[in-house]
2 protein chains.
Amino acid sequence: MLSKKTKYGLKALIYIAKHSGTEPVLISEISDRERIPKKFLEAILLDLKKFGILGSKKGKGGGYYLLKDPKEISAATIIRVLDGPLAMLPCVSLNYYEKCDDCPDEAKCNLNKFLAQVRDNTLSLLQQRSLYDLAIL
Amino acid sequence: MLSKKTKYGLKALIYIAKHSGTEPVLISEISDRERIPKKFLEAILLDLKKFGILGSKKGKGGGYYLLKDPKEISAATIIRVLDGPLAMLPCVSLNYYEKCDDCPDEAKCNLNKFLAQVRDNTLSLLQQRSLYDLAIL
DNA sequence: CTATTACTCTATAAAATCTATAGACTAATA
DNA sequence: TATTAGTCTATAGATTTTATAGAGTAATAG
């Protein structure tokens, strides 16, 4: 399951994508409309900024805005940034790989082989869906 | 990510499937061979028993054994029993459905539509893979 | 019938992660 | 220079995860 953080982050990005105009979008607006705790949302948007998905501007007329074309931001990227690995185990993660303590030989591990298939299967869908797709869906 | 509980449970089931003979398989044998903490494994196997996947026998010559043909036990079922919902959010879960507090209209929620696709995509793979497949993979 | 074996049940608890909230601070604009 | 709006640091309650301990119960062998 996705964490609330990730769910909130996805909703916020979709909201920003839908409301991208000349002006940046306010945290408080997103918080109100999407019913996301404001302080929590601040932290989430900051994460998305650190990763280079969002930009921000302070003061009046400020807010958050997308740094890239929504078509260039994949669902896989967003979920990875907010939720961490997509893979079901660290030993099959492409971006957060870690060896299992208990596994003597990964190449012979049936679970590893199976979960690598699951990863490929999930990834193929999440990589081809962009924020643009999510916003118009 | 899957919990260690689920990972251990899957490994244990694969081990039992591979070593199904006339005699049940000992907890301590699985624990030793698969390097799973014994007391933790006891609890996990008990869960799998409560759900009807495993049977057990006490005393000498006792242990755990599969109650069904490994071909009849899907990966989806195992993961649901041990890890809970496969869906990325409760609002798209078939077996553990729960409405979002913050969502005024699920039918109009883009995230809901998208994650329902992800669920179908994952499910189609997990349901067609059986414990038999995992054990021979 | 009793010793041994092996699963069962209840309780407990440390550690990690998740879900926030508070408040002072900084930058931008009018 | 007042107001607006994002930034940063700290903290903290709740929940979940990952176990461990130990007494109890059922089955078998001899």
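Before any of the text, the structure's been laid out above.
Since the structure is predicted, the reported quantities are computational estimates derived from the model, not experimental observations.

Asks: Outline the overall build of chain A, listing residues and values.
Replies: Scanning chain A from terminus to terminus reveals six helices and two strands. Counting from the amino terminus, helix and strand elements in chain A follow one another as α-α-α-β-β-α-α-α. Along the longest, intermediate and shortest principal axes, the C-alpha atoms of chain A span 60 × 25 × 25 Å. Taken over 137 residues, chain A has a buried fraction of 31%. The long-range fraction of contacts in chain A, counting pairs at least 24 apart against all pairs at least 6 apart in sequence, stands at 60%.

Asks: Got a sec to walk through the interface of chain B and chain A? Specific residues and values, please.
Replies: The partner chain A presents 25 residues to the 25 residues of chain B that form the contact. Of all the elements in the fold, those that place two or more residues in the side of chain B that touches chain A are helix 1 (4–18), helix 5 (110–128) and helix 6 (131–136) of chain B. Considering every element that reaches the side of chain B that touches chain A, the biggest residue donor is helix 5 of chain B, with eight residues. The residue inventory of the side of chain B that touches chain A, partitioned by class, reads 15 nonpolar, three polar and seven charged.

Asks: So, the protein's contact with DNA strand D: which residues are in play, and what are the values?
Replies: Taken together, the neighbourhood of DNA strand D is formed by 26 residues, with G63(A), S3(B), P37(B), K39(B) and G59(B) sitting nearest. Listed by contribution, the elements that provide at least two residues to the surface near DNA strand D are helix 2 (27–34), helix 3 (38–50) and strand 2 (63–66) of chain A together with helix 1 and helix 3 (38–50) of chain B.

Asks: If you had to explain the environment of S74(A) to someone new, which residues and values would you point to?
Replies: All names here are of chain A. Among the secondary structure elements, S74 is positioned in the loop between strand 2 and helix 4 (75–83). Judged by C-beta crowding, with 18 C-beta atoms within 10 Å, S74 ranks as partly exposed. Taking the C-alpha atoms as reference points, S74 and T122, 48 residues apart in sequence, are found 13 Å from one another. The residues contacting S74, other than those within four sequence positions of it, are L126, Q127, R129 and S130.

Asks: Which residues make up the protein's contact with DNA strand C, and what are the values?
Replies: Residues in close proximity to DNA strand C total 26 residues, the closest being S3(A), P37(A), K39(A), G59(A) and G63(B). Elements supplying a minimum of two residues to the surface near DNA strand C: helix 1 (4–18) and helix 3 of chain A together with helix 2 (27–34), helix 3 and strand 2 (63–66) of chain B. It is helix 3 of chain B that contributes the most residues to the surface near DNA strand C, four residues altogether. Of the residues contributing to the surface near DNA strand C, the split by class is eight nonpolar, eight polar and 10 charged.

Asks: Report on unusual backbone geometry, specifying residues and quantitative values.
Replies: If you check the backbone angles, R35(A) has positive phi at about 55° while not being a glycine. Inspection of the secondary structure assignment puts R35(A) in the loop between helix 2 and helix 3.

Asks: Quick rundown of the pairing of strand 2 of chain A? Include the residues and the values.
Replies: As a general feature of sheets, a regular strand has side chains that alternate between the two faces. All names here are of chain A. Looking at chain direction, strand 1 (residues 54–57) and strand 2 are connected through four bridges and run antiparallel. Considered in strand 2, the bridge of L54 is made with L66. Here strand 1 folds back onto strand 2, and the loop between the two strands holds five residues, one of which, G59, carries a positive phi near 70°.

What counts as what
Residues numbered from 1 in each chain as written. Chains lettered and ligands numbered in written order. Predicted model: local features only at pLDDT ≥ 70, side-chain atom pairs only at ≥ 80, totals over all residues. Helix = DSSP H or I, 4+ residues; strand = E, 2+ residues; numbered from the N terminus. Buried ≥ 20, exposed ≤ 12 C-beta atoms within 10 Å, placed from the backbone. Contact = placed C-beta atoms within 7 Å. Nonpolar A, V, L, I, M, F, W, Y, C, P; charged D, E, K, R; others polar. Near = placed C-beta within 6 Å. Pairing = 2+ DSSP bridges.

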